[in-house]
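Residue-level listing of the chains:
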Amino acid sequence: MNVLIVDDEPMARERLSRMVGELEGYSVLEPSATNGEEALALIDSHKPDIVLLDIRMPGLDGLQVAARLCERETPPAVVFCAGPDEFAVEALQASAVGYLVKPVRTEQLHEALKKAERPNRVQLAALTRPAAESGSGPRSHISARTRKGIELIPLGQVVYFIADHKYVTLRHEGGEVLLDEPLKALEDEFGDRFVRIHRNALVARERIERLQRTPLGHFQLFLKGLNGDALIVSRRHVAGVRKMMQQL
């Protein structure tokens, strides 16, 4: 069985490569991938049987890579790798997908490789809504159906949500996607991380840079990651935004 290792940490890649190489019946494909984009390219060219896929990586993370793979007719099996303190561990446990907790141990690796299966769309949907001790907690990723298939956008990369008729535009670090979800539902779920600045807009609290009044008396909110663009703050929400900014 050919195994592709995907991890942005050199030491993690080397350790996994050595461990897989010591197991009978498995061989490591070279080169390994250091990010999600490389992983997809190497999967296309090398056709691995199994992918050991790190979850937290710059650019496309492991969940996003797996979502892309689920759109293919003959994807490889996937074993996710997660740090013990990462959000994904509880979600992986609840979703019954193959996973390993770092630092990986040889016996766990061997067992996971033997059981490796392709994660399906239902399992990926469960991963975006990890379980919490008191029930179902807020999602860590937002899923959107685009021309590329199912895209999973990490919540930490979201800049704002803006409602327009029946759809909501999600602006993130890499562009925009459309969601078929009500803005109110998003506010209820992510109210601790996003603030309403207009009846049709929610912005990420951590992205807020400054509030500025225009010569005409309107208020604009400048956000990190928008390259100087600003969003209008309605008068009824100005006081709340100011108060929230004082607490940041």
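The following refers to the structure shown. Here the structure is a predicted model, which is why all the values come from computation and not from measurement. Residue numbers run consecutively from 1 along every chain, following the written order of its sequence. Under the rules for a predicted model, residues below a pLDDT of 70 receive no local features and side-chain atom pairs below 80 are neither given nor counted, while totals for whole chains, interfaces and linings still include all residues. In computing side-chain values, all of the structure's heavy atoms are included and hydrogens and water are not.

### Here we look at the nonpolar core
Then step 1. In terms of nonpolar packing, the biggest core is built from 27 residues, with Leu4, Val6, Leu53, Phe80 and Leu92 touching the most fellow members.
Then step 2. When contributions to this core are tallied by element, the ones reaching two or more residues are β1 (2–6), α2 (36–46), β3 (50–54), α3 (62–70), β4 (77–82) and α6 (121–127).
Then step 3. When residues no more than four places from it in sequence are discounted, the contact partners of Val6 are Ala33, Asn35, Ala39, Val51, Leu52, Leu53, Asp54 and Met57.
Then step 4. One finds Val20, Tyr26, Val79 and Cys81 within the second-largest nonpolar core, a separate group that totals 18 residues. The term nonpolar core refers to a set of buried residues drawn from Ala, Val, Leu, Ile, Met, Phe, Trp, Tyr and Cys, joined through side-chain atoms within 4.5 Å. Exposure classes here rest on a 1.4 Å probe applied to the protein chains alone. A residue is buried below 20% of its type maximum, exposed above 50%, and partly exposed in between. Here a helix means four or more residues in a row that DSSP labels H or I, a strand means two or more in a row labelled E, and each is numbered from the N terminus. By definition, residues are in contact when any of their heavy atoms lie within 4.5 Å.

### Looking at unusual backbone geometry
Then step 1. With an omega dihedral of 0°, the bond running from Glu30 to Pro31 counts as a cis peptide bond.
Then step 2. That bond from Lys102 to Pro103 is cis: its omega, -5°, falls within 30 degrees of zero.
Then step 3. Secondary-structure assignment places Pro103 in the loop between β5 (99–101) and α5 (106–115).
Then step 4. Its identity as a non-glycine residue notwithstanding, Lys47 has a phi of 50°, on the positive side.
Then step 5. Among the structural elements, Lys47 can be located in the loop between α2 and β3.

### Some remarks on the sheet that holds strand β16 (residues 219–223)
Then step 1. Should DSSP find at least two bridges between two strands, the strands are taken to pair. Strands sit in the order β15-β16-β17 across an open sheet of 3 strands; the sheet is antiparallel. The two strands at the open ends of the sheet, each matched to only one other strand, are β15 (208–213) and β17 (230–233). Geometrically, the sheet is characterised by an average inter-axis angle of 30° between neighbouring strands, direction not taken into account.
Then step 2. Sheet topology places β16 next to β17; 4 bridges connect them, and they run antiparallel. Here an axis means a line fitted to C-alpha atoms, over the contact stretch when the element is a helix, while the angle between two N-to-C directions is reported on a 0 to 180 degree scale.

### What about the packing of aromatic side chains?
Then step 1. Within 6.5 Å between ring centres, the rings of Phe, Tyr and Trp (the latter by its six-membered ring) count as paired, and their orientation is classed by plane angle as stacked under 30 degrees, edge-to-face over 60, tilted in between. A full pass over the atoms with the stated rule returns 2 aromatic pairs.
Then step 2. Between Phe161 and Phe194, the ring centres sit 5.1 Å apart and the planes meet at 50°, which makes this aromatic pair tilted. A residue pair is termed long-range when its members are at least 10 positions apart, and Phe161 in strand β10 (residues 158–164) and Phe194 in strand β13 (residues 194–198) qualify at 33 residues. Comparing Phe161 with Phe194 shows no difference in burial state: the two are buried.
Then step 3. Chaining the aromatic ring pairs together yields one cluster made of Phe161, Phe190 and Phe194.
Then step 4. The ring of Phe222 has Arg210 sitting right over it, with the charged end atom 3.9 Å from the ring centre. Our definition puts a charge over a ring when NZ of Lys or CZ of Arg is within 6 Å of the ring centre and also within 35 degrees of the ring normal.

### Describing the pattern of salt bridges
Then step 1. One side-chain nitrogen of Lys or Arg within 4 Å of one carboxyl oxygen of Asp or Glu is enough to make a salt bridge. Under the counting rule described, the total for this entry stands at 10 salt bridges.
Then step 2. Between Arg105 and Glu107 there is a salt bridge, with its nearest N and O atoms 3.1 Å apart.
Then step 3. For Arg105, a relative accessible area of 48% corresponds to the partly exposed category.
Then step 4. Here Glu111 and Lys114 are joined by a salt bridge, their closest N and O atoms 3.6 Å apart. One end of the pair is Glu111 and the other is Lys114, both in helix α5 and 3 residues apart, which spans about a single turn.
Then step 5. Residues joined by salt bridges that share partners form a network here, namely Asp7, Asp54 and Lys102.

### Let's talk about the sheet that holds β10
Then step 1. One open sheet accounts for 5 strands, arranged β12-β11-β10-β14-β13; its pairing is antiparallel. Each edge of the sheet is formed by a strand with only one pairing partner; in this case those strands are β12 (175–179) and β13. Between one strand axis and the next, the sheet turns by 20° as a mean value, whatever way the strands run.
Then step 2. Alignment of β10 against strand β14 (residues 201–204), held across 3 bridges, turns out to be antiparallel. Within β14, the residue paired with Phe161 across the bridge is Leu202.

### Here's the deal with helix α1 (residues 10–21)
Then step 1. The span one expects for a helix is its residue count, reduced by one, times 1.5 Å. Over its 12 residues, α1 extends 16 Å from the first C-alpha to the last, a length consistent with the 16 Å expected when each residue adds 1.5 Å.
Then step 2. Taken together, the buried positions of α1 are Ala12, Arg13, Leu16, Ser17, Met19 and Val20. The buried residues of α1 all sit within an arc of 165° when viewed along its axis, so they share a single face. Exposed side of α1, more than 90 degrees from the buried face: Met11, Glu14 and Gly21 are the residues found there. What the arc measures is the spread of directions leading from the helix axis to the C-beta atoms.

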